[in-house]
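The primary structure of each chain is shown beneath.
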Amino acid sequence: MVRQPAVSRRRFIQSTAAGSLALAGMGLGRVSQAQSAKPNILFIMADDLGYADLSCYGQSDYVTQNIDRLAIEGVRYTQGYANSSVCSATRTALATGRYQYRLPVGLEEPISAATPKTIGLPPDHPTLPSLLKKTGYGTALVGKWHLGFLPDFSPLKSGYDSFFGIFGGAADYFNHGSDAQRSGAEAYQLHQQEVPIERHGYMTNLLGDRAVQTVETYAKSREPFLMSLHFTAPHWPWEGPHDEEESRRIRDVFHRDGGTQKTYAAMVQSLDINVGHVMQALEATGLANNTIVVFTSDNGGERFSKTWPFSGMKQELLEGGLRVPHIVRWPGRAAAGYVSEQVIITMDWVPTLLAAAGSQPDAAYPSDGEDLGPTMTSGATPRPRKLYWRYKAGSQRAIRDGDWKYLRIAGNEFLFDVVKDPRERGNLKNRHKDVFDRLKADWEAWNDTMLPERARPALYGNPGVFLPDHYGVVNPPPPTAPAPAVQR
């Protein structure tokens, strides 16, 4: 498969407009007569992609032409949040439509090789794919699962008909077969269904190619489908499509001794190219105009990411750790080219997509999210939202209520107006003590309705020993083992 070269943003916009007209003239933009009236759903989730890592969100070092096209043809949200500043917790919320802190699996920040194997997404809990299956949808997960390990947990046990991807949090981009753990305990092997497999090639391309094949299969079956396309990019290790030699060198996917801005750019551009291939498959099969496409990230950016204008990063409840792109392309429903200032969060997509399919959340497990359908109309007035977060490392707490945000991190407390002050620099807790006290009390009341934090220690993922701009951050000492009992 030929990988398309990057082009200038100006050329991209011009070619997109011309391409859209051509597709309309060819009839590829119309829904297939044989295709079900129910919309197909393609949910694309990047891994550790920062707010401004896309050119449509402010990246100027490279162009993400295909993802930009989704924004040109749909709605781009500028105040979109992840449910957590780390991956498996957000994925719990995406699967269930609920605050992740309602389930033990959502307390893992994140699931790792050290997580007890009894913890995962319960197979009996309703999920987006299981609820859609009940309405006649085919369901497929291509990419990253990260919600528990075999034998008790898997995508196939939580509503997906098919799975091609990894069970854990990361994989080397080249070494993802039977020798995967050469790259460390957190490097996972590719699986098809629940069987480990060997595939050679760059991971992002393998996932993109499988997604194209999945679209073509569903087009032939004529059944409506949900495809969750959860890329591992641009999560570490820092390897672009031409960095196989680096893959052979490293012995730890955390890869703290490697990576550059140029490598990161190549990883994001490869992600964008593969999004383009999947969109081309939808157009070629006549499904594009009957498919809802959502693009987002599981949490804020990591080491080489661009999060401007925010501060903070993954594993922090500062805006840079939580703000992520949210784009929806929904022909006939989402206004093309519309930029919305509506505050939204990952779990909102569950009631939104269920409503689009003519369904709703299970009454026994009501969603904490909101249907975003009304926000997709051009000129829709943003509704005030109240959203909550917590993160055990650093004893972090946050609530956003309207434009206000209460934040506690490492024992320090803040009040910000994150609309006027998105970098969270002006602490207004004394100037607006009434607001500070109210938000802090609201957070405590909300927290009382959630599961308590796990008892196990929580280490900072970004201590000063690894990141010099975090020079004041240290990991707590490991717990001291109790002294052996003295026999008398």
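Calculation rules
- Residues numbered from 1 in each chain as written.
- Predicted model: local features only at pLDDT ≥ 70, side-chain atom pairs only at ≥ 80, totals over all residues.
- Heavy atoms only, no water.
- Core = buried A, V, L, I, M, F, W, Y, C linked by side-chain atoms within 4.5 Å.
- Buried < 20%, exposed > 50% of the residue type's maximum accessible area, 1.4 Å probe, protein only.
- Contact = heavy atoms within 4.5 Å.
- Salt bridge = Lys/Arg side-chain N within 4 Å of Asp/Glu carboxyl O.
- Helix = DSSP H or I, 4+ residues; strand = E, 2+ residues; numbered from the N terminus.
- Phe/Tyr/Trp six-rings, centres within 6.5 Å; stacked < 30°, edge-to-face > 60°.
- Lys NZ or Arg CZ within 6 Å of the ring centre and 35° of its normal.
- Pairing = 2+ DSSP bridges.
- Axes fitted to C-alpha atoms, helices over the stretch in contact; angles between N-to-C directions.
- Parallel < 35°, antiparallel > 145°, perpendicular 65-115°, else oblique.
- Nonpolar A, V, L, I, M, F, W, Y, C, P; charged D, E, K, R; others polar.

With that out of the way, let us pick up the nonpolar core. Residues F295, V328 and W349 are the most contacted members of the largest nonpolar core, which totals 99 residues. Ignoring sequence-local partners within four residues, the contact set of W349 consists of F43, Y77, V294, H326, V328, I344, L372 and M376. Of all hydrophobic cores here, the second largest spans 35 residues; its members include C87, A89, Y406 and I409.

One pass over the structure, following the stated rule, counts 30 salt bridges. Between R454 and E108 there is a salt bridge, with its nearest N and O atoms 3.0 Å apart. Here R454, found in the segment after α10 (433-447), pairs with E108, found in the loop between α3 (87-96) and α4 (128-133); they are 346 residues apart in sequence, far enough to count as distant. The exposure class assigned to R454 is buried, which follows from its relative accessible area of 17%. With its nearest N and O atoms 2.8 Å apart, the salt bridge here joins R248 to E245. Remark: E245 and R248 occur in helix α6 (residues 244-249); sequence separation between them is 3 residues, near one turn of the helix. Take R248: its relative accessible area is 46%, and that puts it in the partly exposed class. Linked through salt bridges whose partners overlap, the residues forming this network are D47, R91, K144 and D298.

Aromatic rings considered in pairs are described by the distance between their centres and by the relative angle of their planes. Scanning the entire structure with this criterion turns up 21 aromatic pairs. With a centroid separation of 5.6 Å and 25 degrees between ring planes, the pair formed by F149 and Y188 is classed as stacked. Of the two residues, F149 sits in the loop between β3 (138-144) and β4 (162-166) while Y188 sits in the loop between β4 and β5 (191-192), which places them 39 residues apart along the sequence. Here the two residues F149 and Y188 agree in accessibility, since each one is buried. Each residue in the set Y99, Y101, Y388, W443 and W446 is aromatic and connected to the rest through ring pairs, giving one cluster. The lysine or arginine in question, R256, covers the ring of F466, its NZ or CZ lying 3.6 Å from the ring centre.

Time to look at the side chain of T307. Secondary-structure assignment places T307 in the loop between β8 (291-297) and α8 (319-322). The buried category is assigned to T307, whose relative accessible area is 12%. With residues up to four places along the chain from it excluded, the contact list for T307 reads G50, A52, G301, G312 and G320.

Spatially, β6-β5-β4-β3-β7-β1-β8-β9-β2-β10 is the arrangement adopted by the 10 strands of the open sheet, whose pairing is mixed. Two strands bound the open sheet, and with one partner strand each, they are β6 (195-196) and β10 (338-345). Judged from the 2 bridges that link them, β4 and β5 form a sheet pairing that is antiparallel. When the bridges of β5 are listed, G165 appears paired with H191. The sheet strands contacting helix α2 (residues 65-72) are β2 (75-81), β8 and β9 (326-329), and the helix crosses β9 at an angle near 65 degrees.

What follows deals with the packing of helix α5 (residues 203-221) against helix α7 (residues 261-284). Remark: α5 packs on α7, axes separated minimally by 9 Å, with the N-to-C direction vectors making an angle of 10 degrees. When the axis of α5 is compared with that of α7, the two are roughly parallel. Here α5 contributes T204, N205, G208, D209, A211, V212 and V215 to the contact with α7, which in turn contributes S270, L271, N274, H277, V278, A281 and L282. Grouping the amino acids of the contact of α5 with α7 by side-chain chemistry returns 7 nonpolar, 6 polar and 1 charged.

Time to look at unusual backbone geometry. P110 follows E109 through a cis peptide bond whose omega is -5 degrees. Mapped onto the elements of the fold, P110 is located in the loop between α3 and α4. One non-glycine residue, H146, adopts positive backbone phi at about 60 degrees. Within the secondary structure, H146 is located in the loop between β3 and β4. The buried category is assigned to H146, whose relative accessible area is 1%. The residue R222 is not glycine, and still its phi comes out positive at about 65 degrees. As for its placement among the helices and strands, R222 is situated in the loop between α5 and β7 (225-230). A residue is classified by how much of its surface remains accessible, and R222, at 52% relative accessible area, is exposed.

Look at α2 against α7: their axes get within 7 Å of each other, and the N-to-C directions meet at 55 degrees. By the angle between their directions, the pair α2 and α7 is classed as oblique. Across the interface between the two elements, Q65, N66, I67, R69 and L70 from α2 touch D272, I273, V275, G276, M279 and E283 from α7. Classifying every residue of the contact of α2 with α7 by side-chain character gives 5 nonpolar, 3 polar and 3 charged.

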